[in-house]
Amino acid sequence: MRDSRFMRVLALLFAVVLGAAVITGCGSTKDDEESGSASSGSTAAETTAADSSATIKKGLNVVVMPKQLGNPYEELEDKGTVAAIEETGGTAKIQGPTDAAASSQVSLLRSITQQKPDAIVLAANDPNAVVPVLKQAQQRGIKVVTQDSDSAPEGRQIFINQATTQSIGEQLAKQALETAGSAGGEVAVLSATANAPNQNAWIKIMQTELKKPEYSKIKLVKVAYGDDDDQKSFQQAQGLLSAYPNLKSIVSPTTVGIAAAARYVSDSKYKGKVAVTGLGTPNQMRKFVKDGTVAQFALWNPEDVGYLGGYAAAALASDVITGKQGESFKAGKLGTKTIGENGEIVLGPPTTFTTDNIDKFDF
Ligand code: RAM
């Protein structure tokens, strides 16, 4: 009996000591975790992320609007925007019209404005049609970034330009000259919609370039519009070739247009006689480069354009920047970016793709 009482006291004592050890142990584990985490690899990464986006707010809610859904180029761009927003701990939702017509985005933007997201990232189909609704959005405190295709400046705070408008226009003129053959001749442009802000700005520069003496043997006979619709672009390419039998080159500053024109030419009697060039994605154009329909075309990295747009939106919505020239922010893997003149940030020069390098690119 005495023994069993002694055993019970011993057991109790043991339990108390064990309990204290557990409590102390827990405390020390917690301390260890806390101090350990400060120097652990994962938190170091978190610290870097926190540093690179200093005071970016978590949980931002962003709407991404392409020119139209189903355009492979726009899909790449939007993928970049969503990735950037998610990296900052926010949520991005893609909403867009099914065609790229001038007013196609307006009613959608109106209902999005009612939902009051933190920011809208938009590739505009028309420079002016979207301005009233974008102004309303800004009045409600929604930050607006355009990417790829700009609205008039009063509609947005920042525009992410893929490369300078001047450099893209110059490149299109050069492509016309280089693909038309040594004797030069007639060239045509197959554009997106007649209102597209980006294509129109590029074509304007191209036309100015073509007036220079070095382009005297090139004659721009027509600007046609395929509306960034594959079928319509295909038919427009067909129409251009029957209307202008001496055509030497089709310059298409849209990924939808160039792919449709190349598809038409590659399967027609014009293959090898009429060049197709302009702006396209390597994955869509690869087969036409390999079958000899297309000698050269160009593009930037669409995903990076979108990624930069996402970071610009997050920085605006977190009040890290306001959109003024000279302000800088950290754009994740793209590093620090500074807002230039007219609220514009330029990503970088385009790459020219030929048979020599096309297989190095996968987008
Ligand atoms: C099409 C779109 C887009 C443009 C590219 C080059 O996908 O029109 O706006 O940037 O082509």
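Above this text you will find the structure in question.
Reading the values: rules and limits
- Residues take numbers from 1 onward in each chain, read along the sequence in its written order.
- In keeping with the model being predicted, local features are shown solely for residues with a pLDDT of at least 70 and side-chain atom pairs are shown and tallied solely at 80 or more, while totals for entire chains, interfaces and linings include all residues.
- Each side-chain value is worked out from all heavy atoms of the structure, with water and hydrogens disregarded.
- The secondary structure listing takes helices from DSSP runs of H or I that are at least 4 residues long and strands from runs of E that are at least 2 residues long, numbered from the N terminus.
- For the exposure calls, accessible area comes from a 1.4 Å probe over protein chains only, and a residue counts as buried if that area is under 20% of its type's maximum, exposed if over 50%, partly exposed in between.
- In what follows, residue pairs with any heavy atoms lying within 4.5 Å of each other are defined as contacts.
- Only heavy atoms are used to decide nearness, and a residue is near a molecule or strand if one of them lies within 4 Å of it.
- Polar contacts, as counted here, are pairs of nitrogen or oxygen atoms within 3.5 Å of one another; within protein the pair requires one atom able to donate a hydrogen and one able to accept it, and residues that are adjacent in sequence qualify only if both atoms are side-chain atoms.
- Throughout, the Shrake-Rupley method with a 1.4 Å probe supplies accessible areas, and for residues the shown protein chains are the sole cover considered.
- The classification used treats Ala, Val, Leu, Ile, Met, Phe, Trp, Tyr, Cys and Pro as nonpolar, Asp, Glu, Lys and Arg as charged, and all other residues, Gly among them, as polar.
- Where each domain starts and ends comes from a domain assignment, either automatic or drawn from a database.
- For Phe, Tyr and Trp, rings pair up if their centres lie within 6.5 Å, where Trp contributes its six-membered ring, and each pair is then called stacked (planes under 30 degrees apart), edge-to-face (over 60) or tilted (otherwise).
- Should the NZ of a Lys or the CZ of an Arg lie within 6 Å of a ring centre and within 35 degrees of the ring normal, that charge is described as sitting over the ring.
- To estimate how far a helix should reach, multiply one less than its number of residues by 1.5 Å.

## A closer look at the overall build of the protein
- Helices and strands together make up the secondary structure of the protein, namely 11 helices and 14 strands.
- Evaluated residue by residue, the protein yields a buried proportion of 49% over its 363 residues.
- Pairs at least 24 residues apart make up 70% of the contacts formed inside the protein by residues separated by at least 6 positions.

## With respect to the site of the ligand
- In the vicinity of the ligand there are 14 residues, among which Lys67, Asp148, Asn198, Asp228 and Thr255 approach most closely.
- Here asparagine 198 contributes a side-chain N or O atom positioned 2.9 Å from an oxygen atom of the ligand.
- Between the ligand and glutamine 199 there is a distance of 2.9 Å, counted from an oxygen atom to a side-chain nitrogen or oxygen.
- Protein chains shield 100% of the accessible area of the ligand, which is 290 Å² for the free molecule.
- Listing elements by their share of the shell around the ligand, those giving two or more residues are helix 3 (72–87) and helix 7 (197–210).
- Tallying contributions element by element places helix 7 first for the shell around the ligand, with 3 residues.
- Here the residues of the shell around the ligand sort into 4 nonpolar, 6 polar and 4 charged.
- Here the shell around the ligand gathers at least three residues from each of two domains, domain 1 (50–162 + 302–348) and domain 2 (165–299).

## Overview of the packing of aromatic side chains
- For the structure shown, the criterion picks out 9 aromatic pairs.
- Ring centres of tyrosine 264 and tyrosine 270 lie 6.5 Å apart, and the angle between their planes is 40 degrees; this geometry places the pair in the tilted category.
- The class for tyrosine 264 is buried, based on a relative accessible area of 14%.
- You can call tyrosine 270 buried: its relative accessible area is 15%.
- Three or more aromatic residues joined by ring pairs make a cluster, and in this case those are Phe297, Phe353, Phe361 and Phe363.
- Here lysine 333 stacks its cationic end above the ring of tyrosine 307, 4.7 Å away from the centre of that ring.

## Looking at helix 7
- Between its first and last C-alpha, helix 7 extends 20 Å over 14 residues, near the 20 Å set by a 1.5 Å rise per residue.
- Inspection of helix 7 places Pro197, Asn198, Gln199, Trp202, Ile203, Ile205, Met206, Glu209 and Leu210 among the buried residues, and these make up the whole buried set.
- Of the surrounding elements, those touching the buried residues of helix 7 are helix 6 (165–179), strand 6 (185–191), strand 7 (218–225) and strand 8 (247–252).

## Focus on unusual backbone geometry
- Positive phi, close to 75 degrees, is recorded for aspartate 148, a residue that is not glycine.
- Relative to the helices and strands, aspartate 148 is located in the loop between strand 4 (143–147) and strand 5 (158–161).
- Here the phi dihedral of asparagine 342 falls at roughly 65 degrees; this positive angle occurs in a residue that is not glycine.
- For asparagine 342, the position within the fold is in the loop between strand 12 (336–338) and strand 13 (344–346).

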